[in-house]
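Given next are the chains, with one letter for each unit.
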Amino acid sequence: MNEALAEAISLTDELVGDAPQEWDRVGRIPVDLLQSLGTKGILCAQVPAAFGGPGLDSAHNGELTAHVGAVCSSLRSVMTSQGMAAWAIQRLGDTAHHGAFLPRLTGGELAAVAFSEAGAGSDLSAMATRIVPDGDHVVIDGAKVWITAAAYADLLIVFGAYESDAAAVVVPTSTPGVRIEPLSDVLGCRAAGHSAIEFSRVRVPASYVLPGAGQPAALLVTAALTYGRMSVAWGCVGILRACLSAAARHASTREQFGRRIADHQLVARHLAELVVAEQTATHACEHAARCWDDRSPDVVMATLLAKHIGATRAVHGASTALQVLASAGARNSHVVARAHRDAKLMEIIEGSSEICQLALAQHALAVWA
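Calculation rules
Residues numbered from 1 in each chain as written. Predicted model: local features only at pLDDT ≥ 70, side-chain atom pairs only at ≥ 80, totals over all residues. Heavy atoms only, no water. Helix = DSSP H or I, 4+ residues; strand = E, 2+ residues; numbered from the N terminus. Rg over C-alpha atoms; globule rule 2.2 N^0.38 Å. Buried < 20%, exposed > 50% of the residue type's maximum accessible area, 1.4 Å probe, protein only. Contact = heavy atoms within 4.5 Å. Areas by Shrake-Rupley, 256 points an atom, 1.4 Å probe, with all protein chains shown as cover. Lys, Arg positive; Asp, Glu negative; His and termini not counted. Charge placed at Lys NZ, Arg CZ, Asp CG, Glu CD. Phe/Tyr/Trp six-rings, centres within 6.5 Å; stacked < 30°, edge-to-face > 60°. Axes fitted to C-alpha atoms, helices over the stretch in contact; angles between N-to-C directions. Parallel < 35°, antiparallel > 145°, perpendicular 65-115°, else oblique. Left-handed = near helix turned anticlockwise from the far one by under 90°. Nonpolar A, V, L, I, M, F, W, Y, C, P; charged D, E, K, R; others polar. Core = buried A, V, L, I, M, F, W, Y, C linked by side-chain atoms within 4.5 Å. Salt bridge = Lys/Arg side-chain N within 4 Å of Asp/Glu carboxyl O.

### What about the overall build of the protein?
Then, in step 1: Scanning the protein from terminus to terminus reveals eleven helices and nine strands.
Then, in step 2: Expected size for 369 residues packed as a compact globule is a radius of gyration near 21 Å; at 21 Å, the protein falls within 12% of this value.
Then, in step 3: Principal-axis analysis of the C-alpha atoms gives the protein an extent of 80 × 55 × 40 Å.
Then, in step 4: Taking all 369 residues of the protein together, the buried fraction comes to 53%.
Then, in step 5: In the protein, the share of contacts with a sequence separation of at least 24, taken over all contacts with a separation of at least 6, comes to 74%.
Then, in step 6: Summed over all atoms, the accessible surface of the protein reaches about 15600 Å², with 54% contributed by carbon and sulfur.
Then, in step 7: Once the 27 positive and 35 negative side-chain charges of the protein are each reduced to a mean point, those two points are 6 Å apart.

Take a look at the structure:
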């Protein structure tokens with residue numbers, strides 16, 4: 001195993017322990033723990049060493065993400081958010097932005113990426129948030145919903161309409177006019193800090209606008225969204241691994257009618273389906289990671305496919321694991337119960353399953369027709 005990856009996994013296990021059940025119950029991860037993980041570069045592990053990160057490639061970062069996803073999907077969601085923010089700055093920013101913001105993200109500050117709006121969702125062209133030039137500043141007005149990790153964030157990467165196209169701008173959450181309202185009673189990833197955000201005449205320096213500004217919204221967002229989809233896909237691998245582990249352990253020790261339930265064929269079928277799901281999702285993620293690391297033009301489609309496979313398999317796999325564990329897994333914060341709730345959100349975030357299917361269908365028409 002890559003040395004930096006092994007160190008990150010070991011440190012994560014040491015800091016997290018068995019706390020995720022409590023985080024799920026109270027709906028919050030301790031900020032000091034997130035900051036500690038951030039200073040070790042674990043929350044955005046693809047940031048180069050020159051900016052304080054471990055500089056993992058996509059494949060190794062994926063395995064780290066899967067490991068975290070198996071332990072706690074809420075923590076993995078914060079990790080996805082931080083990684084998306086860092087990648088957006090790397091991809092859309094210039095040298096000055098890299099030097100100004102990346103060390104902050106590997107130095108303990110936390111970040112969120114603000115795409116989604118109540119009236120837009122996946123329709124990026126319908127974003128109502130406005131980023132308006134005003135001398136040597138820009139003014140941001142609008143509202144975002146379901147922004148992961150915003151409850152913890154020091155910095156926001158805000159996407160919105162800019163002149164005739166779109167832009168992304170870095171907004172410190174301490175800026176006057178920024179209002180963050182954490183969401184309560186969410187279905188899954190309950191400690192991920194999902195929040196609604198309002199921007200009312202928020203002024204930041206024009207230099208905080210990332211130089212990718214002025215492109216169509218869909219093209220601008222794709223850079224960050226592809227990272228997010230890759231992270232979610234690997235997180236789903238983690239969900240499946242947690243479910244497979246829990247189901248296999250339970251089935252090998254629980255007895256019914258005088259023998260292990262693993263020896264009953266219908267239960268064995270469930271275990272087989274979990275193996276197939278985990279392996280299918282893993283291989284899809286590994287292929288997408290190779291495309292990323294090889295700078296292949298197929299990376300966007302490969303990542304979309306991995307995200308779709310991972311999310312749909314995680315939903316089915318979590319349900320299957322819960323069926324195997326039955327009442328043993330039915331406590332609200334049990335790892336399989338959490339997986340059952342968390343997995344469903346994976347079919348919604350970073351592009352719903354339906355959006356993924358539409359894009360895959362368009363790919364089929366372009367390539368195979």
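### A closer look at the packing of aromatic side chains
Then, in step 1: Following the criterion strictly, the structure yields four aromatic pairs and no others.
Then, in step 2: For the ring pair W87 and W292, a centre distance of 4.9 Å and an interplane angle of 50° mean the geometry is tilted. Of this pair, W87 sits in helix α5 (residues 73-92) while W292 sits in helix α8 (residues 265-293), and the two are 205 residues apart along the sequence. Each member of the pair, W87 as well as W292, carries the same accessibility label: buried.
Then, in step 3: Between F115 and F159, the ring centres sit 4.7 Å apart and the planes meet at 45°, which makes this aromatic pair tilted. On the criterion of sequence distance, the pair formed by F115 in the loop between β1 (111-114) and β2 (130-134) and F159 in strand β4 (residues 155-162) is long-range, its members being 44 residues apart. The same class applies to F115 as to F159, namely buried.

### Considerations on the packing of helix α9 (residues 299-325) against helix α11 (residues 353-368)
Then, in step 1: Close contact between α9 and α11 brings their axes to 10 Å; oriented N to C, the two are set at 140°. When the axes of α9 and α11 are compared, the pair comes out oblique. The way α9 lies across α11 gives a crossing that is left-handed. Where α9 abuts α11, its residues M301, L304, L305, K307, H308 and T312 lie against S353, C356, Q357, A359, L360 and H363.
Then, in step 2: The residue makeup of the contact of α9 with α11, split by class, is six nonpolar, five polar and one charged.

### A short note on unusual backbone geometry
Then, in step 1: The phi dihedral of W146 is positive, around 55°, even though this residue is not glycine.
Then, in step 2: If you trace the backbone, W146 turns up in strand β3 (residues 137-147).
Then, in step 3: Despite not being glycine, D185 has its phi angle at roughly 60°, a positive value.
Then, in step 4: Along the chain, the position of D185 falls in the loop between β6 (178-182) and β7 (195-205).

### Considering the nonpolar core
Then, in step 1: Core analysis: the biggest nonpolar cluster contains 76 residues, and L105, F115, I157, F159 and M346 have the highest contact counts within it.
Then, in step 2: It is helix α7 (residues 217-253) that contributes the most residues to this core, 20 residues altogether.
Then, in step 3: What L105 contacts, discounting residues up to four positions off in sequence, is G38, C44, Q82, A85, A86, I89, A111 and L155.
Then, in step 4: I9, L33, M79 and L110 belong to the second-largest nonpolar core, a separate cluster that totals 24 residues.

### Quick look at the pattern of salt bridges
Then, in step 1: Within this structure, the stated rule accounts for 13 salt bridges.
Then, in step 2: E109 is paired through a salt bridge with R104; the nearest N and O atoms lie 2.9 Å apart.
Then, in step 3: Residue R104 is classed as partly exposed on the basis of its relative accessible area of 27%.
Then, in step 4: The partner of R241 in a salt bridge is E278, with the nearest N and O atoms 3.0 Å apart.

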